[in-house]
Amino acid sequence: EPEAFAKVLILRGMAQFDAGRAVEAIATLEGAVEASAKSTLRIQFDAAFALFVRATYFQSPEETIPGLTRLRQLAARAGDAYALGGLHLAVARIEGLRGHCIDAHRHVEIARHLSAQQTSDALGCSVDLVESSLELVAGNLARSRLVVGDCLRRAELASLSRFKVGALSNFGLVSLFSGNVMLARRSF
């Protein structure tokens, strides 16, 4: 089945990336995008989103445009809160990486509003992690701690270990920046 094959490739690519095998991960996720062409819009969006999020670590802002354009097209075609929320989350990441924190916050708020309209704990956790990171960079440690705490609770309830690790990492950074080295060590 094309849809099942695309899902497997998405999961494999994300696991490869998390294991530090970025080159393999990008190639696998590019394969997932190709394989998803015969699947639902949701799977197509998931594949494009997974590739975009990981590829942007290695791209200049100009190089992200084709991937972002693809996400916009898929989100517009899907027209649901999940895809539109994911799109705004992707834009928030790009704006944050560019140092445009005000624009990034605006897109995070739109993504948060859209994620509240559907039941994806993964999207909600993703929004929390991006917002927590933005608040950390801005020096708003109290807000960052509050948001990452929400993410950690949601990730634990939904058994989303990937987001639990991300939340603990952000919590460790907040603790470190707050001067609590012992708490930071326990988080990592």
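Not measured: the values here are computed from a predicted model. (Residues numbered from 1 in each chain as written. Predicted model: local features only at pLDDT ≥ 70, side-chain atom pairs only at ≥ 80, totals over all residues. Heavy atoms only, no water.)

## Things to note about the overall build of the protein
Within the protein, the secondary structure is distributed over 10 helices and 0 strands. Walking the protein from its N terminus toward its C terminus, one meets helices and strands in the order α-α-α-α-α-α-α-α-α-α. Here the protein has a C-alpha radius of gyration of 16 Å; the compact-globule value for 188 residues is 16 Å, and the two agree. Considered along the principal axes of its C-alpha atoms, the protein spans approximately 50 × 35 × 30 Å. Across the 188 residues in the protein, those meeting the buried criterion constitute 46%. For the protein, the proportion of contacts with a sequence separation of at least 24, taken over those separated by at least 6, is 52%. (Helix = DSSP H or I, 4+ residues; strand = E, 2+ residues; numbered from the N terminus. Rg over C-alpha atoms; globule rule 2.2 N^0.38 Å. Buried < 20%, exposed > 50% of the residue type's maximum accessible area, 1.4 Å probe, protein only. Contact = heavy atoms within 4.5 Å.)

## A few points about the nonpolar core
In terms of nonpolar packing, the biggest core is built from 24 residues, with F45, F49, L71 and L89 touching the most fellow members. When residues of this core are traced back to their parent elements, those giving at least two are helix 3 (41-55), helix 4 (65-78), helix 5 (81-98), helix 6 (101-115) and helix 7 (121-138). When residues of this core are assigned to their parent elements, the largest contribution, 8 residues, is made by helix 5. Those residues within four positions of L89 in sequence are excluded, and the remaining contacts are F49, A111, L123, S126, V127 and V130. Grouped together as the second largest cluster of nonpolar side chains are 14 residues, M14, I26, I43 and A50 included. (Core = buried A, V, L, I, M, F, W, Y, C linked by side-chain atoms within 4.5 Å.)

## With respect to helix 6
With 15 residues, helix 6 should reach 21 Å at 1.5 Å per residue; the first-to-last C-alpha distance of 20 Å fits that figure. Taken together, the buried positions of helix 6 are occupied by A104, H107, V108, A111, L114 and S115. Buried residues along helix 6 cover an arc of 125 degrees about the axis, so they all sit on one side. Residues of helix 6 that are exposed and point more than 90 degrees away from the buried face comprise I102 and H113. (Expected span 1.5 Å × (residues − 1). Arc of directions from axis to C-beta.)

## Remarks on the side chain of T28
Looking at the secondary structure, you find T28 in helix 2 (residues 22-35). Within the structure, the side chain of T28 is placed 2.7 Å from the side chain of Q16, a separation counted as a polar contact. When neighbours within four sequence positions are excluded, T28 is seen to be in contact with L9, R12, G13 and Q16. (Polar contact = N/O pair within 3.5 Å; in protein donor to acceptor, adjacent residues only side chain to side chain.)

## Some thoughts on a nonpolar patch on the surface
A cluster of nonpolar residues, L173, L176, F177 and V181, forms a patch on the protein surface that exposes about 330 Å² of accessible area. The element best represented in the nonpolar patch is helix 9 (residues 161-177), accounting for 3 residues. Turning to its location among the elements, F177 is positioned in helix 9. (Patch = residues over 30% accessible without salt bridge, like charges linked within 9 Å, V, L, I, M, F, W, Y side chains within 5 Å. Areas by Shrake-Rupley, 256 points an atom, 1.4 Å probe, with all protein chains shown as cover. Salt bridge = Lys/Arg side-chain N within 4 Å of Asp/Glu carboxyl O.)

## Considerations on the confidence of the model for the protein
Of the residues in the protein, 99% reach a pLDDT of 70 or more, and the chain-wide mean stands at 93. Averaged pLDDT values for the elements of the protein fall to 82 in helix 10 (residues 181-187) and rise to 97 in helix 2. (pLDDT = per-residue confidence, 0-100.)

## Some details on the packing of helix 3 against helix 4
The geometry of helix 3 relative to helix 4 is characterised by a closest axis approach of 10 Å and an angle of 155 degrees between their N-to-C directions. By the angle class used here, helix 3 and helix 4 are roughly antiparallel. The element helix 3 and its partner helix 4 pack so that their crossing is left-handed. Contacts between helix 3 and helix 4 involve L41, Q44, F45, A48, F49 and F52 from the first element and G67, L68, R70, L71, L74, A75, R77 and A78 from the second. For the contact of helix 3 with helix 4, the residue count by class is 10 nonpolar, 2 polar and 2 charged. (Axes fitted to C-alpha atoms, helices over the stretch in contact; angles between N-to-C directions. Parallel < 35°, antiparallel > 145°, perpendicular 65-115°, else oblique. Left-handed = near helix turned anticlockwise from the far one by under 90°. Nonpolar A, V, L, I, M, F, W, Y, C, P; charged D, E, K, R; others polar.)

## Quick look at the pattern of salt bridges
Under the criterion given, the structure shown has 11 salt bridges. Across the salt bridge formed by R153 and D150, the nearest N and O atoms sit 2.6 Å from each other. Residue R153 and its partner D150 are located together in helix 8 (residues 141-158), separated by 3 residues, close to a single helical turn. A residue is classified by how much of its surface remains accessible, and D150, at 35% relative accessible area, is partly exposed. In this structure, K164 engages E156 in a salt bridge whose closest nitrogen and oxygen atoms are separated by 3.7 Å.

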